[in-house]
Amino acid sequence: MIVRCLSLLWVGVLLASAHNGEGNNDNEDIPYLELAEPDEGYHGLIRENETLVEVRPTIRARGPLCSFLILNNKHHGEAPFEIMVIDENEARLRVRYPLNCEKRRNYKFDIAAVGCDGSYSNTVPVHITVTDVNEFAPIFSQAAYVRSVDEGKIYDEIVKVEATDRDCTPRYGDICKYEILTDKSQPFTINNEGVIRNTEPLDYEKSHNHILSVVAYDCGMMQSAPVMVTIKVNKPCRAGWKGIAERVDYAPGTGPLALFPAARLEACSSDERCPGVTRIQAAVTLQASRVGVACDRDTYTLQAQKSICGMESNTIDLLPSPGVGNEWTKSLKPDSGRDGEQMFEFDGESTSAVVPESLMKHTLGTTFSVSTWLRHAPPPDHDKHRKEHILCLADDHKMNRHHYALFVRNCRLILLLRRDFGEGDLNIFRPAEWRWKLPEVCDDEWHHYAVNVRFPNVELYVDGELYRALDGKGPEVIDDWPLHPAHGINTTLVVGACWQGTESDMKHHLHGWMAGLGVVEGEVQSPAALRCAARCREGLSLAPDLYLKSVSVEGDGASEVETLVRRVAYGDARSFPTPGRRNVHLDTTITCDNGRVIKARPAESYVMVLSPQTPTIMLNGSSDAARDYAHFRAGLPVFPDLEVKVLSRDRDSLREADTQKLDSCVVSVYPALNPDHEALALRGHSVLPASDIRATLTRDGVSLTGADTVYSYQKVLREIEYSNKKPAYYLNRVFKLTCSELNGRFTSNEYVQTLTVVHPRAAGDLHAQRPSGLADKLDAVVRDKSGEAAVAAQVPRAFAAHALHSIHSADMPTPRLLDIHHDNNNVALVIGAVCFGAVVVLIALGIARARAARHDATSRDSRATVARHRVPANDSEMAWDDSALTITVNPMDESAPKCGVSTNGAVACDSSDESCSDSDTDRHDSSDEEDEVIQGKQHKYRNISQLEWDNSTM
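The numbers attached to residues start from 1 for each chain and follow its sequence in the written order. Residue-level local features of this predicted model are given only where pLDDT is at least 70; pairs of side-chain atoms are given and counted only at 80 or more, and the full residue set underlies all totals for whole chains, interfaces and linings. Calculated side-chain values reflect all of the structure's heavy atoms, with hydrogen atoms and water omitted.

Undergrad: Explain the sheet that holds strand E18 (residues 227-234) to me, please; I cannot follow it from the model alone.
TA: In sheet architecture, strand pairing relies on hydrogen bonds along the backbone and comes in two forms, parallel and antiparallel. Think of it this way: DSSP has to see at least two bridges between two strands before they count as a pair. Here a helix means four or more residues in a row that DSSP labels H or I, a strand means two or more in a row labelled E, and each is numbered from the N terminus. Read from one edge of the open sheet, four strands run E11-E18-E17-E14, paired in mixed fashion. What marks the edges here is a single partner per strand, and that holds for strand E11 (144-150) and strand E14 (175-180). Strand-to-strand twist across the sheet, computed as the mean angle between neighbouring axes with direction ignored, equals 25°. Pairing geometry for E14 and strand E17 (residues 209-218), over five bridges, is antiparallel. Across the sheet, isoleucine 175 pairs through a bridge with aspartate 218, a residue of E17. Each axis is a line fitted through C-alpha atoms, taken for helices only over the stretch in contact, and angles between the N-to-C directions span 0 to 180 degrees.

Undergrad: I keep staring at the sheet that holds strand E56 (residues 720-724) and nothing clicks. Help me out?
TA: Pairing is antiparallel across the open sheet formed by three strands, whose spatial order is E49-E56-E53. Only two strands of the sheet have a single neighbouring strand rather than two, namely strand E49 (636-637) and strand E53 (678-682). Across five bridges, the pairing between E53 and E56 is antiparallel. By the bridge assignment, leucine 680 is partnered in E56 with tyrosine 722.

Undergrad: Explain the nonpolar core here, please?
TA: One recurring pattern in soluble globular proteins is that nonpolar side chains are buried together. Throughout this description, the term nonpolar core refers to a set of buried Ala, Val, Leu, Ile, Met, Phe, Trp, Tyr and Cys residues connected via side-chain atoms within 4.5 Å. Burial status follows relative accessibility: with a 1.4 Å probe on protein chains alone, a residue under 20% of its type maximum counts as buried, one over 50% as exposed, and anything between as partly exposed. Leu413 and Val495 are the most contacted members of the largest nonpolar core, which has 40 residues in total. Once you skip the residues sitting within four places of it in the chain, valine 495 turns out to touch Leu318, Leu319, Phe346, Ser352, Ala353, Val355, Ile390, Leu391, Met514 and Leu517. Ala625, Leu636, Leu673 and Cys739 belong to the second-largest nonpolar core, a separate cluster that totals 34 residues. In what follows, a contact means two residues having at least one pair of non-hydrogen atoms within 4.5 Å.

Undergrad: What should I look at first to understand the confidence of the model for the protein chain in this one?
TA: A low pLDDT score tells you not to read the predicted coordinates there in detail. A score from 0 to 100, pLDDT tells how confident the predictor is in each residue. Per-residue pLDDT for the protein chain averages 75, and the proportion of residues at 70 or more is 72%. When the criterion is pLDDT under 50, residues 765-779 qualifies, and its contacts beyond four places in sequence or with other chains add up to 39 contacts. For the stretch residues 785-824, pLDDT sits under 50, and the model shows 65 contacts to residues farther than four places along the chain or on other chains.

Undergrad: Can you help me understand the state of the cysteines in this one?
TA: Cysteine pairs can be linked by a disulfide, which is a covalent bond between their two sulfur atoms. The disulfide definition used here is simple: a pair of cysteine sulfur atoms within 2.5 Å. In this structure the tally under the stated criterion is six disulfides. Paired through a disulfide, cysteine 101 and cysteine 168 show a sulfur-sulfur distance of 1.8 Å. Of note, the bridge from cysteine 101 to cysteine 168 carries an S-S torsion of about 95° and is right-handed in sense. Note that cysteine 101 is positioned in the loop between strand E7 (90-95) and strand E8 (106-114) and cysteine 168 in the loop between strand E13 (163-164) and helix H2 (170-173), a separation of 67 residues in sequence.

Undergrad: What is the right way to look at the environment of asparagine 89 in this model?
TA: Its place among the elements puts asparagine 89 in the loop between strand E6 (81-85) and E7. Classification of asparagine 89 by relative accessible area gives partly exposed; the value is 29%. For asparagine 89 and isoleucine 59, which are 30 residues apart along the polypeptide, the C-alpha to C-alpha distance reads 8.5 Å. Once you skip the residues sitting within four places of it in the chain, asparagine 89 turns out to touch Ile59, Arg60, Ala61, Gly63 and Leu65.

Undergrad: Looking at this structure, I do not really get the environment of aspartate 480. What am I missing?
TA: Here aspartate 480 lies in strand E36 (residues 476-480). For aspartate 480 and phenylalanine 429, which are 51 residues apart along the polypeptide, the C-alpha to C-alpha distance reads 5.3 Å. Beyond its immediate sequence surroundings of up to four residues, aspartate 480 is in contact with Arg418, Arg419, Ile428, Phe429, Arg430 and Ala432.

Undergrad: What should I look at first to understand the side chain of asparagine 122 in this one?
TA: Locating asparagine 122 in the fold gives a position in strand E9 (residues 120-131). In this structure the side chain of asparagine 122 is engaged in a polar contact, spanning 3.2 Å, whose partner is the backbone nitrogen of leucine 33. Distance and chemistry together define a polar contact, namely a pair of N or O atoms within 3.5 Å, with one atom able to donate a hydrogen and the other to accept it when in protein, and with adjacent residues in sequence counting only for side-chain atoms on both sides.

Undergrad: Just to check I follow, could you spell out the pairing of strand E42 (residues 550-555) for this structure?
TA: Note on strand geometry: in a regular strand, side chains alternate between the two faces of the sheet. Only one face of E42 is buried, namely the one carrying Val551, Val553 and Gly555, since none of Ser550, Ser552 and Glu554 on the opposite face is buried. As paired strands, strand E23 (residues 277-287) and E42 are joined by six bridges and run antiparallel to one another. Within E42, the residue paired with valine 284 across the bridge is valine 551.

Undergrad: Before we go on, may I ask you to explain the pattern of salt bridges in this structure?
TA: Pairing between side chains becomes possible if they bear opposite charge and their charged atoms approach one another. Between Lys or Arg on one side and Asp or Glu on the other, a salt bridge is scored when a side-chain nitrogen of the former is within 4 Å of a carboxyl oxygen of the latter. The full count for this structure, using the stated rule, is 17 salt bridges. For arginine 94, the salt bridge is made with glutamate 82, and the minimal N-O distance between the two is 2.6 Å. Of this pair, arginine 94 sits in strand E7 while glutamate 82 sits in strand E6, placing them twelve residues apart in sequence. Its relative accessible area of 32% is what places arginine 94 among the partly exposed residues. With a closest N to O distance of 3.7 Å, arginine 279 and glutamate 554 form a salt bridge.

Undergrad: It is not clear to me how the packing of aromatic side chains should be interpreted in this structure. Could you clarify?
TA: Centre distance and the angle of the planes are the two values used to describe a pair of aromatic rings. Planes of paired rings set the category: under 30 degrees apart is stacked, over 60 is edge-to-face and the rest tilted, where pairs are Phe, Tyr or Trp rings (Trp by its six-membered ring) whose centres lie within 6.5 Å. Evaluation of the coordinates by the stated rule reveals eight aromatic pairs. Ring geometry for phenylalanine 632 versus tyrosine 722: centroids 6.1 Å apart, planes at 85°, classification edge-to-face. Placement of the pair is phenylalanine 632 in helix H6 (residues 629-634) and tyrosine 722 in strand E56, with a sequence separation of 90 residues. The residues phenylalanine 632 and tyrosine 722 share a single accessibility class, namely buried. Among the aromatic residues, those joined into a cluster by ring pairs are Phe81, Tyr107 and Phe109. A cation sits over an aromatic face here: lysine 387 above phenylalanine 407, 4.8 Å from the ring centre. As a reminder, the over-ring test applies to NZ of lysine and CZ of arginine, requiring each to be within 6 Å of the ring centre and within 35 degrees of the ring normal. In this structure, arginine 581 is placed above the aromatic ring of tyrosine 606, and the distance from its NZ or CZ to the ring centre is 3.8 Å.

What follows is the structure, given as structure tokens:
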């Protein structure tokens, strides 16, 4: 009590002193704390594990200073701090013992400066905050957690774990994260609040218990010790199938295969929720995803289905495979991964094709049929007013008039058929639009649609069956006026879009897939043909030759349903089904005695169709045929002895397949035929109408299409004829043949047939293959030497400039030299002597003429003559040196008894004549030719008097 009173007295004295100091700040003998805002005081921070306090602003005093004094506040208790003076005006604050944030986080006290004479400064408050250190790890509220759950359910919360942290601040004292340390394959997850849930239904047979190791993290990421969480899986009595194989392998050609031979149904009839069973229904579904895969129908083209399904023969295919004659479909996007019929993707923005009017006329009349395969989904933007055209005929009138169209809008299939102004009264309403609301249009699955029109009656077939609405009502029919008359308009038929005349562009593009678009005018497709075209030749069945997409069975008890489900089989009647996976789904519904309906756990399986033994298409025959000009001009068969066979494997051996069909053969020739004198044709024109084969002949070859027997194709191929009106220009012609089955799925070997041109040659003529000019000259020389001129003259001349002895090269004539034997040496000497004499005569005549000209010129002008005939002494190169004068035989002359001066100045002579002349002797006299030769060479011989003649060469 005395101490407290003394303290209060002391505080009062200090306050009085401080008050006096504030009133007399100019007294330099009293200490004063320097602080801009004395009422706010000092603020300090200190961590739990530190001793010095970080104070802002720094504690400073003015005036004579000896120490600082801490004044404890009775409301805050004793402050565990002390002040150290580090120089005469500044001090620091430190703790006397370690602080604990968890016990006390804030301190408040006052300080004053004490002068050496015992005077005190003003007092200033100090606020200290103790900052936390992450020294404690989180601790779970329970040592372990155990929960029980039922199998087959997804829980939002199985169990919630909770942990706490003893640290004083939220930074280290709050829990920010929970984590499961167990294997990530466990089907559980935990959130930041500690809630554990399962990510997939639990199965008692897989695991009865799931043990998890869970840890917690505070916001400083300090990890706690793990806690064990045990989740027990109960085994409730739940209906479901057992003994269902996950995968069933199907070998093509083995017939129907039972899918669930060991199926067993657990109905849980003893469960209190279902004390008795009244009815059990089971449905087995073969899930389809795209045409030609899950629904493995015939993969022949539309043209082939005319004969297979009995479709109208004049059906026009508006989506043929791109190729020769079908260039207008090259802009479309076919399915590159197809195994069967060509399918085209339409992107809804730019994909479309304009049908040429040469393929199909634009008027349909009042009776026609349109059929197609279509896969369509709702528009991405869910625009109910968006039109997507399958087929559209529009004109270029400013009103954007559509004459007829088949399109999709708001999941409705709509047929538009506007009457022309010349068809009936313009003032009478007639049906112009038929609208069918179909769920199939927007289920993104493949379906077959066919519209048969016998105006005003219109029928729609979906997947081969006549469409009947569930409510028994027919389609919505809209009446309209006929089109108004317009002159000079052009119409455009488009697949996948519609032409807008005002914008000169395509609009209303289709977004989806389409295949097998066919139109027949004047007739409609029969229901049987449509069922055949859309029929799936694979499926589920309980009886032979019955293929269904789904099979439903029902019974009064589990045993009855089990018996029926075990009989459900999968089959594919095709010899070469498309290999791959087919998903099978089994749904079961149980009706209890108390009226409760229980959905049994669905069973999933799939059928893996194995790759079939592919057939081998073999093309055999002769590889080379040589014919003369007459055969080529008259026309000759390209494949006269061709044999076509289709072999299939029977166990370890190959046998010829009698029932196989081909659907395409292509004959190609390169380079392309020259239509001026080359042609390909079919000799037996009566062959084609009796078969289903169509032939297309172009410059590049022949294309045969249509599903028909191997014999029919072989017969037509043998009738292909090649003709050439100018065979002398060719060495040979090479033709390549390939055949295929199932629209290119199985392809034959490449058969190469070479037609060789046999060029005629003269009998006994050893050099008939030389060019005519050179051959004639050489033959003349040989005949003169050998005395065979009489025999050769009796044989007509024929040259084979391109005679072929090899497929890859033409034989060139063998080089030959003049055969000069010792028997002909005398003849050669005679020829040389005669020619040498002729040369001497020519030189003499030249000298005489030169001298005469010189004499005449001298008499007229002696000075000019002297200047003109002066030859420098050192100009020796102007002298004629005949030391290299030679005599050669020129075989290039047209007739043997000729000789002359060659281009290099040499003289060529023949022994059959005593005189020599130029190569033009046969057209001029001998004397005239000599004058011409002398005049032509006079400039060379005008200085003959100064030339030196070397008699040694004579």
